[in-house]
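Each chain, letter by letter, is given below.
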Amino acid sequence: MQIIVTFEFEELKNMAISVMTPHLNQTYASASHEKGRTCRYTGQAVRALPIRVITVGKKRSEGVRLLVDEYKTKLKPYCSFEDSLVRSNPRNAQDVRAQVEDEEVAMMKLIGSDDWVVVLDERGRDIDSEQMAELLGDAGNSGASRISFCIGGAYGHGREVRKRANVTVRLSSMVLNHQIALVVLMEQLYRAWTILKGQNYHH
């Protein structure tokens, strides 16, 4: 199982990220995929907000747990990181709408009133890794106390979570298993911080 998950991750780790940014500067949409573009925060002091990733799902595979732990360790020099798992379909509802609502209630309880919320959803718009770094920089300047990334369950996010989002990000135009989405997100967060610090990881 570890080998399979690691292989999928290596294939996905350089995948482009997409984002819909109704509350942010249009730089995210207009500057997407410019060749040779650099992050406007690189080399500057950036306020490192604590990051929480909230994932709806069930027990994770051993391979995913190893990769998540690896990137938690890699993120430690840059920011504090918290990983929260919300149980999918907690009441074993037969109705899909009821399932999504139950998951949404649990997720909303973990989102603080002054969190800067990033929702992962396939409806986003394309940005590149430099723009992900700028997203972290902008969040640091927003006055928020924490960034919360939200990964939905099998049927996506409910209306209230979508409304709460400051930014909506898609990791792929394809549908990803929530475990794979989590690993891809964590790699991109690490990549973004190395971009902000001007370190030799992103090319």
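Calculation rules
- Residues numbered from 1 in each chain as written.
- Predicted model: local features only at pLDDT ≥ 70, side-chain atom pairs only at ≥ 80, totals over all residues.
- Heavy atoms only, no water.
- UniProt positions renumbered as here; feature names shortened; annotations may be inferred.
- Axes fitted to C-alpha atoms, helices over the stretch in contact; angles between N-to-C directions.
- Helix = DSSP H or I, 4+ residues; strand = E, 2+ residues; numbered from the N terminus.
- Parallel < 35°, antiparallel > 145°, perpendicular 65-115°, else oblique.
- Left-handed = near helix turned anticlockwise from the far one by under 90°.
- Contact = heavy atoms within 4.5 Å.
- Nonpolar A, V, L, I, M, F, W, Y, C, P; charged D, E, K, R; others polar.
- Buried < 20%, exposed > 50% of the residue type's maximum accessible area, 1.4 Å probe, protein only.
- Polar contact = N/O pair within 3.5 Å; in protein donor to acceptor, adjacent residues only side chain to side chain.
- pLDDT = per-residue confidence, 0-100.
- Expected span 1.5 Å × (residues − 1).
- Arc of directions from axis to C-beta.
- Phe/Tyr/Trp six-rings, centres within 6.5 Å; stacked < 30°, edge-to-face > 60°.
- Core = buried A, V, L, I, M, F, W, Y, C linked by side-chain atoms within 4.5 Å.
- Salt bridge = Lys/Arg side-chain N within 4 Å of Asp/Glu carboxyl O.

As recorded in an unreviewed UniProt entry, the protein chain goes by RNA methyltransferase At5g10620 and comes from Camelina sativa. Turning to the protein chain, the UniProt record has this under Sequence similarities (unreviewed entry): "Belongs to the RNA methyltransferase RlmH family."

Participant: What's the story with the packing of helix 3 (residues 62-75) against helix 7 (residues 178-196) in this structure? I'm lost.
Facilitator: Packed helices, taken two at a time, are described by their axes: the angle between them and the distance between them. Orientation of helix 3 relative to helix 7, taken along the N-to-C sense of each, is 20°, at an axis distance of 10 Å. The angle between helix 3 and helix 7 falls in the class roughly parallel. Crossing of helix 3 against helix 7: the hand is left-handed. Packed against helix 3, whose contacting residues are Val 64, Leu 67, Val 68, Tyr 71, Lys 72, Lys 74 and Leu 75, the element helix 7 presents Gln 179, Leu 182, Val 183, Met 186, Glu 187, Leu 189, Tyr 190 and Trp 193 at the interface. In terms of residue class, the contact of helix 3 with helix 7 is built from eleven nonpolar, one polar and three charged.

Participant: How should the environment of Glu 134 be read in this particular structure?
Facilitator: Tracing the chain through its elements places Glu 134 in helix 5 (residues 129-140). For Glu 134, a relative accessible area of 0% gives the class buried. Remark: the alpha-carbon pair of Glu 134 and Trp 193, spanning 59 residues in sequence, is separated by 9.7 Å. Within polar-contact distance, the side chain of Glu 134 engages the side chain of Arg 40 at 2.8 Å.

Participant: What am I meant to see in the confidence of the model for the protein chain here?
Facilitator: Per-residue confidence for the protein chain gives a mean pLDDT of 84; residues scoring 70 or more make up 82%. This stretch, residues 1-27, has a pLDDT under 50; its non-local contacts, to residues over four places away or in other chains, come to 73 contacts. Residue range residues 29-33 is modelled with pLDDT below 50. Its contacts to residues more than four positions away, or to other chains, number 13 contacts.

Participant: What is the right way to look at helix 3 in this model?
Facilitator: Because an α-helix completes one turn every 3.6 residues, residues spaced three or four positions apart along the sequence face the same direction. An ideal rise of 1.5 Å per residue puts 20 Å on 14 residues; helix 3 measures up with 20 Å between its terminal C-alpha atoms. Where helix 3 is concerned, the buried positions are Gly 63, Val 64, Leu 67, Val 68, Tyr 71 and Leu 75. All buried residues of helix 3 project into a common sector of 130° when viewed along the axis, lining one side.

Participant: Is there a simple way to think about the packing of aromatic side chains in this case?
Facilitator: Each pair of aromatic rings is reported with the distance of its centres and the angle of its planes. According to the stated counting rule, one finds four aromatic pairs in the structure shown. A centroid spacing of 5.9 Å and a plane angle of 15° characterise the contact between Tyr 78 and Trp 193, whose relative ring orientation is stacked. Of the two residues, Tyr 78 sits in the loop between helix 3 and strand 3 (81-87) while Trp 193 sits in helix 7, which places them 115 residues apart along the sequence. Take Tyr 78 and Trp 193: they sit in the same class, and that class is buried.

Participant: It is not clear to me how the nonpolar core should be interpreted in this structure. Could you clarify?
Facilitator: What tends to happen in soluble globular proteins is that the nonpolar side chains get buried as a cluster. Ranked by internal contacts, the top residues of the largest apolar core, which has 42 residues, are Ile 51, Leu 136, Ile 147, Phe 149, Leu 185 and Trp 193. When contributions to this core are tallied by element, the ones reaching two or more residues are strand 2 (51-57), helix 3, strand 4 (115-120), helix 5, strand 6 (146-151), strand 7 (167-170) and helix 7. Apart from residues lying up to four places away in sequence, Leu 185 is in contact with Val 53, Leu 120, Met 132, Phe 149, Ile 151 and Leu 171. Core analysis: the next-biggest nonpolar cluster, separate from the first, contains ten residues, Ile 54, Val 56, Val 119 and Val 161 among them.

Participant: Before we go on, may I ask you to explain the pattern of salt bridges in this structure?
Facilitator: As a working rule, side chains carrying opposite charge can pair if their charged atoms are close by. The full count for this structure, using the stated rule, is 13 salt bridges. A salt bridge links Asp 83 to Lys 72; the shortest N-O distance between them is 4.0 Å. Highlighted residues: Asp 83 in strand 3 and Lys 72 in helix 3, separated in sequence by eleven residues. Look at Asp 83 and you get partly exposed, because its relative accessible area is 22%. With relative accessibility at 28%, the residue Lys 72 sits in the partly exposed group. Beyond isolated ion pairs, a larger network of salt bridges with shared partners links Arg 40, Glu 134 and Asp 138.

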